[in-house]
Amino acid sequence: MVSVSFLAGRWSRVATPWAGSVPPPGLSPQDSTGTSHTAQPAAQPRGAQKRSGRASRLTQNMDLRTMTQSLVTLAEDNMAFFSSQGPGETARRLAGVFAGIREQALGLEPALGRLLSVAHLFDLDAETPANGYRSLVHTARCCLAHLLHKSRYVASNRRSIFFRTSHNLAELEAYLVALTQLRALAYYAQRLLATNRPGGLFFEGDEGLIAEFLREYVTLHKGCFYGRCLGFQFTPAIRPFLQTISIGLVSFGEHYKRNETGLGVTASSLFTSGRFAIDPELRGAEFERIIQNLDVHFWKAFWNITEIEVLSSLANMASATVRVSRLLSLPPEAFEMPLTADPKLTVTISPPLAHSGPGPVLVRLISYDLREGQDSEELSSLVKSEGPRSLELRPRPQQAPRSQSLVVHIHGGGFVAQTSKSHEPYLKSWAQELGVPIVSIDYSLAPEAPFPRALEECFYAYCWAVKHCALLGSTGERICLAGDSAGGNLCFTVSLRAAAYGVRVPDGIMAAYPATMLQSTASPSRLLSLMDPLLPLSVLTKCVSAYAGGETEDRSDSDQKALGMMGLVRRDTALLFRDLRLGASSWLHSFLDLSGHKSHTNSVPTAEPMRRSVSEAALAQPEGLLGTDSLKSLTLHDLSLKGSSDTSETPELSLSAETLGSSTPSNVNFLVGPEEAPEEAPKTQEELSAKDRGCGARAAFPEGFHPRRSSQGSTWMPVCSSPIVKNPFMSPLLASDSMLQSLPPVHIVACALDPMLDDSVMFARRLRGLGKPVTLRVVEDLPHGFLSLAALCRETRHAAALCVERIRLVLTQPAAPSSPPL
């Protein structure tokens, strides 16, 4: 077998199964489109990216079995080499990790093959090969490909004096744990395949069975995906951003309870983030602790960092310049709207009333040009002051005529966070590219304003915009409703409500990665939430629970609310200076500790013992069977040799190192039977036996396979049985056929690696089955929320341009029917 290797800056060809080395750490293979499927911890030179892209084509062209066989061959060769290197601890661990890679790869390949053989049954059509099963297989391939390249690199450089043993060992062990967890996800996906009806992607069964499935799934260890393996499935250009976000999140989490909100917690986080950047394992463990234990108010505070005036101003400086950006406050007054069926008849549109009674609705008007009506006295009377930002509207001698079109936008944020200010940068680009006014709705957020308050406000603002489009600089001939994530959900439900009222529905909907099923249930793509740094399952559950009314209001100290805005600024300024002093000292101390400057290794620090890094805690362990190497790199095989008596002596590692050994499996599993079953994959979902469909939660992992379990405990699933999440105005996927028939043409842009992918696929399939016009475009290798990252890299810019293209399709006037020949 001839492979290509990158060695000493040159390309060479070597005729061995293993000598084709991977580029050094930091260089990740890319496919022919420039999209990466393997991990890259750091940015890489442009020339190295091109060479890396050529190498990846060899891996991408491999089928799954060939890739597995190549990896097994390399693992066996490396295992034999390091086993012959004597009794040294490092050599033993390297041999053990390659033995584990071999075992997990051989076990994973049949499961992935079975999923891939039926994945086509769940596609929207042959031109759109996308669903959660495909995404799961693709993610596992990314992990296998990274291990394959790393194994080649080790085989080619293991005798070199420049071989970084510790670094490569740590990376191999991290990806081995990730591969083990991915194998568990493959078995979960097989259980979904055996349980669901043909063509269905969401878990079906009684509510108790769903709750059991989710409780079992959520106990899986997740920290490995937030450390060295963070974002390995995404394009390389996005990974530095994800690493920055993860470091910022865990640092923010440390100070959240101390400062609650404001500038102080953000600033002090900067000075305590050093150790999380240095120690990936510590970052992963802390990330898992946060997503499992902190409530929705933490996520609301963290996501709203982008609302801080300084950050939003910086983002707007880098965005397109528009003539109009005004925040309007719509008064809570009822008005009449004509019925579509008979314009002579009208219906009353009442102001929002749910939960808090009548109140104004805020919307932001964005227009690249100053158009007629946008500087009218009537509109100016609705303007809500934003300080200097309100001065963006400047007098201009000549006005542009009213546009024929209007875009009504609803922002995302999990129903709990963000406003139009967070989404203003890409909305300004839309306004420039489309040349139409955009109205973005600032609806009230959960948990303070749960369902249906947001829906009522969005519907009210939509109807107001349709009725008063002349004030907004549009004639209203074509109206597009656009939104992302939670905003996509509200686009569908606003249209359903407009149809129910009998008023004008939009001419089309553009929904980017929308959530259409808010019921707590499982699907193949939602299994990916185990590793998604932006949409972990527990966070999704907390947001949906807040929107459904299951979360209490903010429990912050009432004294803080009494401070008012200026009081909060003064408080946060004082906290900032305090944290500048304490944070800098803490960062320096932790840096020195992590650099090995402790004079005694057996001492146990008394401050914050639960947040010590795994490597630091390992230095405090007495030398035993495994010596004094860091415990953060131990494999399951290592710890099984060490025995349970030793692990029980290190309770301080319970939160950082998780359950480093193979834990006892839960009494309830939802997995397929042993791997000794025939390897022939079913050709259709109907061929699955009735016995498999009925075994439910009691099916077991293959004998001897135990994935790692989280030490954080399971997350409460509060809305699994709540009837409100089955309301079609909350979960549009559950709407009746007659309701969906009323929707206008729908254009969905989804992400292949998004946990919400199956929401888009199933919704598009339902519309297609009803004969409704619908398109589904799926972008590769990008995370949920790419619109907010539109300026980050080429891939996000292309995905954002695709959304603009879909909106333009809606706004383009349909061609007039040609006259019959005379």
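All residue numbers refer to positions counted from 1 along the written sequence of the respective chain. This being a predicted model, a pLDDT of at least 70 is required before a residue's local features are given, and a value of 80 or more before pairs of side-chain atoms are given or counted; all residues contribute to the totals for chains, interfaces and linings. Values reported for side chains reflect all heavy atoms of the structure, with hydrogen atoms and water molecules removed beforehand.

Visitor: Requested: an account of the overall build of the protein chain, with residues and values cited.
Guide: Comment: elements are numbered from the N terminus, with helices defined as DSSP H or I runs of at least four residues and strands as E runs of at least two. Summing up its helical and strand segments, the protein chain has 25 helices and 12 strands in all. The classification of residues rests on relative accessible area computed with a 1.4 Å probe and restricted to protein chains. Under 20% of the type maximum is buried, over 50% is exposed, and intermediate values are partly exposed. Residue burial in the protein chain is summarised as follows: out of 822 residues, 59% are buried. At a minimum sequence separation of 6, the contacts of the protein chain that also span at least 24 residues come to 80%. We call two residues contacting when some pair of their heavy atoms lies within 4.5 Å.

Visitor: With reference to specific residues and values, describe the pairing of strand S8 (residues 438-442).
Guide: Of all five residues in S8, five are buried, a share of seventy percent or more. Only when DSSP finds a minimum of two bridges between them are two strands counted as paired. Sheet topology places strand S6 (residues 361-367) next to S8; five bridges connect them, and they run antiparallel. By the bridge assignment, Leu362 is partnered in S8 with Asp442. Inspection of the sheet shows strand S7 (residues 403-410) paired to S8 by four bridges, in the parallel sense. Each bridged residue has a counterpart across the sheet, and for Ile410 the counterpart in S8 is Ile441. Assignment of crossover handedness uses the view with strands pointing away from the viewer, where a clockwise path from the first strand over the helix to the second indicates a right-handed crossover. The parallel pair S7 and S8 is bridged by helix H14 (residues 420-434), and the resulting crossover is right-handed.

Visitor: Tell me about unusual backbone geometry, residues and numbers included.
Guide: Following Ala446, the chain continues into Pro447 via a peptide bond in cis, with omega recorded as 0°. Secondary-structure assignment places Pro447 in the loop between S8 and helix H15 (453-467). Cis geometry is adopted by the peptide bond preceding Pro452, which originates at Phe451 and carries an omega value of 5°. Within the secondary structure, Pro452 sits in the loop between S8 and H15. For Gln418, which is not glycine, the phi dihedral falls at a positive 75°.

Visitor: I'd like a rundown of the pattern of salt bridges, residues and numbers included.
Guide: What makes a salt bridge here is a side-chain nitrogen of Lys or Arg within 4 Å of a carboxyl oxygen of Asp or Glu, nothing more. Within the structure shown, the criterion is met by 22 salt bridges. The partner of Arg158 in a salt bridge is Asp77, and the shortest N-O contact between them spans 2.8 Å. Of the two residues, Arg158 sits in the loop between helix H4 (132-157) and helix H5 (165-195) while Asp77 sits in helix H2 (residues 64-83), which places them 81 residues apart along the sequence. Across the pair, Asp77 and Arg158 agree in class, each one buried. For Glu281, the salt bridge is made with Arg228, and the minimal N-O distance between the two is 2.9 Å. With Glu281 in helix H10 (residues 280-293) and Arg228 in the loop between helix H6 (207-218) and helix H7 (239-259), this residue pair connects regions lying 53 residues apart in the sequence. With a relative accessible area of 25%, Arg228 lands in the partly exposed category.

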